[in-house]
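Inside the fold
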2 protein chains.
Amino acid sequence: MAAMRIGILGSGSVGQTLADKLLTLGHEVTLGSRSEANPTGTAWAEAAGPHGHNGTFADTAEFGELVINATLGAVALAALEAAGAKALAGKVLVDVCNPLVFAADGTVTLDPVNDDSMGERIQRAFPDTRVVKALNTLSAPVMVDPTRVPGRHQLFVAGEDAGAKREVTALLESFGWPAADIVDLGGIQAARGLEMLMPFWLSMMRHHGHTDFNYAFQVAG
Amino acid sequence: MAAMRIGILGSGSVGQTLADKLLTLGHEVTLGSRSEANPTGTAWAEAAGPHGHNGTFADTAEFGELVINATLGAVALAALEAAGAKALAGKVLVDVCNPLVFAADGTVTLDPVNDDSMGERIQRAFPDTRVVKALNTLSAPVMVDPTRVPGRHQLFVAGEDAGAKREVTALLESFGWPAADIVDLGGIQAARGLEMLMPFWLSMMRHHGHTDFNYAFQVAG
């Protein structure tokens, strides 16, 4: 895969993990936050060397030939509005977010859920952007290093634009995912099911006591 | 596992598939419907031989030392009310249902979802019954014959009563599931995540074009 300029919205652990991996693959990366003075983004860019930058959401979307939404689901639409529809138009946007809502008693729910999803909301709000839901079903360290988990295991993509899904699949292959383990679930509505995996995934995390696990379907025939 | 009297609420394909398997394992089975004259239940019992019976939901709950809810989620509580709290008191109830709602445009949603589940609703409505959520994550043919799917793959149980989960685990082992592949996800609240797998499972069914697949996990360490 040729070196690209990639913008990552969200400077939390998911955004930083993806940014570090993309730098090692030779891409130029801007990590975006609400403010250019965000200390996490600034520190990351200082440590990242000449190909790593930080900036606002708008800077990041403008910079990226491909953009990744690694913000929290609760703030994703606001971050994308700040990024700007014009800067995102025509681009592939990889939507990694899960719309988790944390209650005081420790339970986690989703909003939206069931008859809508963040993937769909983002595609509706940015109709000129080629949204691909991906990478929301596993922990960040496993996203960029599938060998943390033994054997074969799977990733999923969903979106309306076949070309965009091919680009994202190529990016995931460059992370080390075999093409045969990247499952295309169809249009962006499949983001509902992918986001609704989270409560189960959290149960599995509690069961195993860590996040180095992943879905590995067995299929007849 | 010693032969038992098992009552199955719901005479659809899931109930019949489970009933057939339980007969081959030497159990005595009553398949329950709203009406004793239900033609599906009557036909099943006629073909089943001396150890297979049909009856009302109340007959079925009374008959079973262990009871399985294989009704549709939308009618499960009504079926269990008809079965009767007294007949279900103290018994293990395996809740297999998914609360699917089919829209005219082909989309499928869940009700309840997110902050509640059928497993929890049933446990709340029948506090003296030992509810175990199980078997709702795969097709009926695979439930009773794990070898339809290659390799190792997993089932999940959730419920408040550890003894009840042990009984259900023993029943699942008698179906051919290795103990190591029956994952206890904790209390009945984990039914939320298990039921919320359905939209993803339906996407996978469309992707593969059949239902002979199942969740498997790869786990580090």
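Here, the structure is the one placed above.
In short, a report on the structure. (Residues numbered from 1 in each chain as written. Chains lettered and ligands numbered in written order. Predicted model: local features only at pLDDT ≥ 70, side-chain atom pairs only at ≥ 80, totals over all residues.)

Counting secondary structure elements, chain A contains ten helices and twelve strands. Relative to the 2.2 N^0.38 estimate, which gives 17 Å for 221 residues, the radius of gyration of chain A is 16 Å and therefore close to what a compact globule would have. When the backbone C-alpha atoms are referred to their principal axes, chain A occupies close to 45 × 35 × 35 Å. For chain A, the proportion of its 221 residues judged to be buried stands at 50%. Pairs at least 24 residues apart make up 70% of the contacts formed inside chain A by residues separated by at least 6 positions. (Helix = DSSP H or I, 4+ residues; strand = E, 2+ residues; numbered from the N terminus. Rg over C-alpha atoms; globule rule 2.2 N^0.38 Å. Buried ≥ 20, exposed ≤ 12 C-beta atoms within 10 Å, placed from the backbone. Contact = placed C-beta atoms within 7 Å.)

Residues and elements named next belong to chain B. Here helix H8 (residues 162-175) spans 20 Å end to end across 14 residues, near enough to the 20 Å set by a 1.5 Å rise per residue. Among the residues of H8, Ala164, Lys165, Val168, Leu171 and Leu172 are the ones counted as buried. One side of H8 carries all its buried residues, which in axial view fall inside an arc of 120°. Exposed residues lying more than 90 degrees from the buried face of H8 are Ala162 and Gly163. Looking at the buried residues of H8, the elements they touch are strand S5 (92-95), strand S8 (130-134), strand S9 (155-159) and strand S10 (182-184). Downstream of H8 by a residue or two, Gly176 has a phi angle that is positive, lying close to 115°. (Expected span 1.5 Å × (residues − 1). Arc of directions from axis to C-beta.)

This part covers the interface of chain A and chain B. Taken residue by residue, the interface counts 35 residues in chain A and 35 residues in chain B. Of all the secondary-structure elements, those providing two or more residues to the side of chain A that touches chain B are strand S7 (108-110), helix H9 (191-195), helix H10 (198-208), strand S11 (213-215) and strand S12 (218-219) of chain A. At six residues, the largest contribution of residues to the side of chain A that touches chain B is made by H10 of chain A. In terms of residue class, the side of chain A that touches chain B is built from 18 nonpolar, twelve polar and five charged. Note: S11 of chain A against strand S12 (residues 217-219) of chain B, three bridges, orientation antiparallel. Pairing of Tyr215 of chain A across the sheet is with Phe217 of chain B, part of S12 of chain B. (Nonpolar A, V, L, I, M, F, W, Y, C, P; charged D, E, K, R; others polar. Pairing = 2+ DSSP bridges.)

Overlay of chain A on chain B (RMSD 0.1 Å): rotation 180°, translation along the axis 0.1 Å. In short, the pair behaves as if placed about a two-fold rotation axis. In terms of proximity to the rotation axis, the leading residue of chain A is Ala216 of chain A, whose C-alpha is 2.4 Å off the axis. Interface overlap between copies: 100% of the residues of chain A at the interface are likewise at the interface in chain B, consistent with a symmetric, same-surface contact. (Least-squares fit on C-alpha atoms with pLDDT ≥ 70 in both.)

All names here are of chain A. Read from one edge of the open sheet, eight strands run S3-S2-S1-S4-S5-S8-S9-S10, paired in mixed fashion. What marks the edges here is a single partner per strand, and that holds for strand S3 (52-56) and strand S10 (182-184). Direction aside, neighbouring strands of the sheet carry axes that sit 25° apart on average. In terms of strand pairing, strand S1 (residues 5-9) meets strand S4 (residues 66-69) through four bridges, oriented parallel. Looking across to S4, one finds that Ile8 is bridged to Ile68. This element, helix H2 (residues 39-48), spans strand S2 (28-33) and S3 of the sheet and lies at about 160° to S3. Those strands touched by helix H6 (residues 118-125) are strand S5 (92-95), strand S8 (130-134) and strand S9 (155-159), and its axis lies near 170° from that of S8. (Axes fitted to C-alpha atoms, helices over the stretch in contact; angles between N-to-C directions.)

This part is about the packing of helix H4 (residues 73-83) of chain A against H6 of chain A. Residues and elements named next belong to chain A. Across the interface, H4 lies against H6 with an axial gap of 11 Å and an inter-helix angle of 10°. Between H4 and H6, the crossing angle belongs to the class labelled roughly parallel. Across from Gly73, Ala76, Leu77 and Leu80 in H4, the residues of H6 making contact are Met118, Arg121, Ile122 and Ala125. Of the residues contributing to the contact of H4 with H6, the split by class is six nonpolar, one polar and one charged. (Parallel < 35°, antiparallel > 145°, perpendicular 65-115°, else oblique.)

With that settled, consider H4 of chain A. Residues and elements named next belong to chain A. Among the residues making up H4, those that are buried are Gly73, Ala76, Ala79, Leu80 and Ala83. Mapping the buried residues of H4 onto a view down its axis gives an arc of 100°, with all of them on the same face. In H4, the exposed positions that point more than 90 degrees away from the buried face belong to Ala78 and Glu81. A positive backbone phi angle near 100° is found at Gly84, which sits one or two residues after H4.

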